[in-house]
Amino acid sequence: MSTKLSLTGLKRSFKSFVSRHEAIVLTYHSTLPSQTPLIPVPHHLDGDLFHDQMHYLVSSGFNCVSLQQLAEYIKNKSIPSRTVAITFDDGFYNNLSVAFPILERYRIPATIFIAAGYIGSTRLNWPEELAILLTLANVPQLKLADRDLAIVSSSEKAVAYEQVARHFSMLDADGIQTCLKNLLDQASLSREDLYRSPLYESLRFMTWDEVHAMAKSELISFGSHTVNHRRLVYLSPDDAQQEIAQSSDIIQQQLGACAAFAYPHGRWHKDFNDSHFNMAVAAGYDIVVTADSGTVTTASSPHDLRRENILNGHHLAHFDYLLRGGISFAHIRSRADVVRGMLTGCTQ
Ligand SMILES: [Zn+2]
């Protein structure tokens, strides 16, 4: 299906758009330069797809607003139909190099939640190290625990990424580093190879100078994503409190304000709990967002805004499906049903 045909079909389906007075907050992470030769990784969205999604929002008449404007709507108990707010998590440099020009072109506001300790760091996180490792690896397979992972084709490497990432999710930081070193050895690569790769520049975090450059735009605001991006439920109450409050202090020192907060990973109960909610409120944030799926209504609390995660596989048909109310269905339908709904939308 060509982009032109897709857009025609989507505009037709837009006529049936559910005109509820609800808003959708979208979560992005990384927006890669077009044609970046990285294996497919869910949170690294192709920049061309990001462009198409922003163009679709504007050309279809969506009301794209900042989180601050959305909080005002909630306060006034009136949310215009088709309201969308854009957010980015983590603080990737490609938010500046790729997403920002597109947001400026279409005059779309966005909030970028930065892990303050990442900003200015030359270290990549393990998902990015793993993605580069698998992209560069030139061996037929890697051994992970008792499994052999085929990594000849790009699609095999993408599957391997998911399997390794799942394995890493069960390890602590030292365990992850040990396992990464083992995978590097199997691929005859060094950590320096990862950082010398041209892919590094596409995957690194912003510097504070770059944050300041973006913050000059009236379209962009920055929020806190803690200091070290740790799962709050794994921390002591004191450490969690420090992650939540200190990140606000750092960003306020740099930018003069920090009104919004996003929990790392962001799912209630799994990644944060009620005590972290109370800490975020006590830290003075006006707006708090989660990674729990759902829409925002006039009954929503600005301290508990749900979001919808946009991943690299979410092409325009799925994007349209979400915007037409697919996320509400997701609450009551199984994940398999949601996928079936997406496929149905794609083939119509
Ligand atoms: Zn994050």
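Structure: above.
Residues numbered from 1 in each chain as written. Predicted model: local features only at pLDDT ≥ 70, side-chain atom pairs only at ≥ 80, totals over all residues.

(A) Looking closely at the overall build of the protein. Within the protein, the secondary structure is distributed over 14 helices and twelve strands. Sorting the 348 residues of the protein into buried and exposed places 39% on the buried side. Here the contacts in the protein between residues at least 6 apart in sequence split such that 70% fall between residues at least 24 apart. (Helix = DSSP H or I, 4+ residues; strand = E, 2+ residues; numbered from the N terminus. Buried ≥ 20, exposed ≤ 12 C-beta atoms within 10 Å, placed from the backbone. Contact = placed C-beta atoms within 7 Å.)

(B) Up close: unusual backbone geometry. A positive phi angle, close to 100°, is found at Asp90, a residue other than glycine. Mapped onto the fold, Asp90 is located in strand β5 (residues 83-90). Residue Asp90 is classed as buried on the basis of its 23 C-beta neighbours within 10 Å.

(C) Highlighting the pairing of strand β7 (residues 141-144). Pairing geometry for β7 and strand β8 (residues 147-150), over four bridges, is antiparallel. Note on β8: the bridge partner recorded for Lys143 is Asp148. Linking β7 back to β8 in an antiparallel pair, the connection comprises two residues, with Ala145 at a positive phi of about 55°. (Pairing = 2+ DSSP bridges.)

(D) Region of interest: the packing of helix α2 (residues 47-59) against helix α4 (residues 94-106). Closest axis-to-axis distance for the α2/α4 pair is 10 Å, and the angle between their directions is 20°. With respect to each other, α2 and α4 are oriented roughly parallel. Along this stretch, α2 crosses α4, giving a crossing that reads as right-handed. For the pair α2 and α4, the contacting residues are Gly47, Phe50, His51, Met54, His55 and Val58 in the first and Val98, Ala99, Ile102, Leu103 and Tyr106 in the second. Broken down by class, the residue content of the contact of α2 with α4 amounts to eight nonpolar, three polar and no charged. (Axes fitted to C-alpha atoms, helices over the stretch in contact; angles between N-to-C directions. Parallel < 35°, antiparallel > 145°, perpendicular 65-115°, else oblique. Left-handed = near helix turned anticlockwise from the far one by under 90°. Nonpolar A, V, L, I, M, F, W, Y, C, P; charged D, E, K, R; others polar.)

(E) Region of interest: the environment of Phe113. Checked against the element boundaries, Phe113 lands in strand β6 (residues 110-114). Spatially, the C-alpha atoms of Phe113 and Thr87 are 7.4 Å apart, while their sequence positions differ by 26 residues. Apart from residues lying up to four places away in sequence, Phe113 is in contact with Thr87, Phe88, Asp89, Gly223, Ser224, His225 and Ala262.

(F) Structural view of the nonpolar core. Counting residues in hydrophobic clusters, the biggest one holds 88 residues, and the most contacted among them are Ile114, Leu134 and Ile287. The residues touching Ile287, leaving out its near neighbours within four places in the chain, are Leu67, Ala71, Ala259, Ala260, Pro302 and Leu305. (Core = buried A, V, L, I, M, F, W, Y, C linked by C-beta atoms within 7 Å.)

(G) Looking closely at helix α5 (residues 126-136). When you tally the buried positions in α5, you get eight out of eleven residues, the bulk of the element. Regarding α5, the residues found buried are Pro127, Glu128, Glu129, Leu130, Ala131, Ile132, Leu133 and Leu134. Along its buried surface, α5 packs onto α6 (154-168), α7 (173-186), α8 (191-196) and α9 (199-203).

(H) Molecular detail of helix α3 (residues 67-75). Along α3, the residues that are buried comprise Leu67, Leu70, Ala71 and Tyr73. In an axial view of α3, the angular spread of the buried residues amounts to 155°, which keeps them on one side of the axis. Elements that come into contact with the buried residues of α3 comprise β1 (23-28), β4 (63-65), β5, β6, β10 (260-262) and β11 (287-289). With its phi angle positive at about 55°, Lys77 sits one or two positions after the end of α3. (Arc of directions from axis to C-beta.)

(I) Seen up close, the packing of α5 against α7. Relative to each other, α5 and α7 sit at 10°, their axes nearing to 11 Å. In this view, α5 runs roughly parallel relative to α7, as classed from their interaxial angle. Residues Trp126, Glu129, Leu130 and Leu133 of α5 form the contact with α7, whose participating residues are Ile176, Leu180, Leu183 and Leu184.

(J) Summary view of the environment of Gly47. Relative to the assigned elements, Gly47 resides in helix α2. Through-space distance from the C-alpha of Gly47 to that of Asn94 is 9.0 Å; in sequence the pair is 47 residues apart. Dropping the residues within four chain positions of it, Gly47 is found in contact with Thr31, Leu32, Pro33, Ser34 and Val98.

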